[in-house]
Amino acid sequence: MASDRTKHLKRLRKLHRSARGWSVRAGLLTGATAILIPYSGLGLPDAFWAAAAGGSIAMTWWRWHDYRAFRALPVPPEPDPALAGAVARDKLVGLVQRLPAGRTAIAEFDRQRESFKLRGLTVAEPWRRLDRAATMLSGLVGRLGPAAEAAVLDATVAERQLRDLAQRCASVERAMQIGPAGANLRPAHRALAEQLEQGVAAYEQFVTAAAGCVAEDNLAVGNLHDATAFLRGVAEGLADLRNPQAMPRPQTA
């Protein structure tokens, strides 16, 4: 989409071309009238020539007037490249999402981008396992039936909290790499990493139980209830972990 500055300059060029074009027409018609009237004398066709010449002169005046008035207006500033890029990206995402597989492609792209940001950190492997389990669960949701809706909702909440926990763990790990002072964050990072590992393992256990239900395993229903209860407990623990008092305090020198 063109910016306001581009539209302004484009209209200014259009007005200038129109004014020059009418200037040429007015000159041709006025010259033809000045030559033909003395050459053939006054007549009805000469009235049309004179009217056309007079009209073209008037249009020329108006076109130059419009051009000068528009040229006096302030030109919009250059658009912010970051803002322009964000707008273009949003439009592209909206266009892709209208395609049959657009939403799936956008979701996969977002997952890959987040995984790339975590590359080289200890949370990269739990994040990858969580992604794989979440993808498997999304393919099972439609086959679990309405009786498992509450369990799936618990899993959705737990997944969101686990992703938030992974991002916080990654932030702490990056801060640890700043300098010697980052060593004080090791206890906090260790606690977050252990909680993340426990949560991802519980989520994988839930997905395994859900897959057993889809396979109509007689023992899977009980396993799904147990896995749901365990996952709900992990989610409650993650919610408590957001309380600063639950976090280990960094060691001070």
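All of these numbers come straight from a predicted model, not from anything done at the bench.

The rules behind each value
Residues numbered from 1 in each chain as written. Predicted model: local features only at pLDDT ≥ 70, side-chain atom pairs only at ≥ 80, totals over all residues. Heavy atoms only, no water. Helix = DSSP H or I, 4+ residues; strand = E, 2+ residues; numbered from the N terminus. Buried < 20%, exposed > 50% of the residue type's maximum accessible area, 1.4 Å probe, protein only. Contact = heavy atoms within 4.5 Å. Areas by Shrake-Rupley, 256 points an atom, 1.4 Å probe, with all protein chains shown as cover. Axes fitted to C-alpha atoms, helices over the stretch in contact; angles between N-to-C directions. Parallel < 35°, antiparallel > 145°, perpendicular 65-115°, else oblique. Left-handed = near helix turned anticlockwise from the far one by under 90°. Phe/Tyr/Trp six-rings, centres within 6.5 Å; stacked < 30°, edge-to-face > 60°. Salt bridge = Lys/Arg side-chain N within 4 Å of Asp/Glu carboxyl O.

Details of the overall build of the protein chain
1) Next: Each helix and strand counted, the protein chain has 8 helices and 0 strands in total.
2) Next: The order of helices and strands in the protein chain, counted from the N terminus, is α-α-α-α-α-α-α-α.
3) Next: Among the 253 residues that make up the protein chain, the fraction classed as buried is 27%.
4) Next: Counting contacts in the protein chain only where the partners sit at least 6 residues apart, residues at least 24 apart contribute 73% of the total.
5) Next: As displayed, the protein chain offers around 16,600 Å² of accessible surface, 61% of which is attributable to carbon and sulfur atoms.

Structural notes on the packing of helix H5 (residues 124-144) against helix H6 (residues 149-176)
Packed helices, taken two at a time, are described by the angle between their axes plus the distance between the axes.
1) Next: Viewed as axis vectors pointing N to C, H5 and H6 meet at an angle of 165 degrees, and their least axial separation amounts to 11 Å. For the element pair H5 / H6, the angle class is roughly antiparallel. The hand of the H5/H6 crossing is left-handed. Seen from H5, the contacting residues are Trp127, Leu130, Asp131, Ala134, Leu137, Val141 and Leu144; seen from H6, they are Val152, Ala155, Glu159, Leu162, Arg163, Ala166 and Gln167.

A few points about the packing of aromatic side chains
1) Next: Enumeration over the complete set of coordinates arrives at 2 aromatic pairs.
2) Next: Ring centres of Trp61 and Trp62 lie 4.9 Å apart, and the angle between their planes is 85 degrees; this geometry places the pair in the edge-to-face category.
3) Next: Overall, Trp61 belongs to the exposed group, its relative accessible area being 51%.
4) Next: Using a relative accessible area of 46% as the deciding quantity, one classes Trp62 as partly exposed.

Examining the pattern of salt bridges
1) Next: Counting across every chain of the model gives 7 salt bridges.
2) Next: Residue Asp66 pairs with Arg63 through a salt bridge whose shortest N-O separation is 3.8 Å. Taken together, the residues Asp66 and Arg63, both in helix H2 (residues 44-71) and 3 residues apart, mark about one turn of the helix.
3) Next: Owing to a relative accessible area of 29%, Asp66 belongs among the partly exposed residues under this scheme.
4) Next: Relative accessible area serves as the criterion here: at 26%, Arg63 is assigned to the partly exposed category.
5) Next: For the salt bridge of Arg129 with Glu197, the shortest nitrogen-to-oxygen distance reads 3.0 Å. With a gap of 68 residues between them, Arg129 in helix H5 and Glu197 in helix H7 (residues 186-214) connect regions that are remote in the sequence.
6) Next: By relative accessible area, which is 13% here, Arg129 ends up buried.
7) Next: Via salt bridges that share partners, Arg129, Glu197 and Glu204 belong to a single interconnected network.

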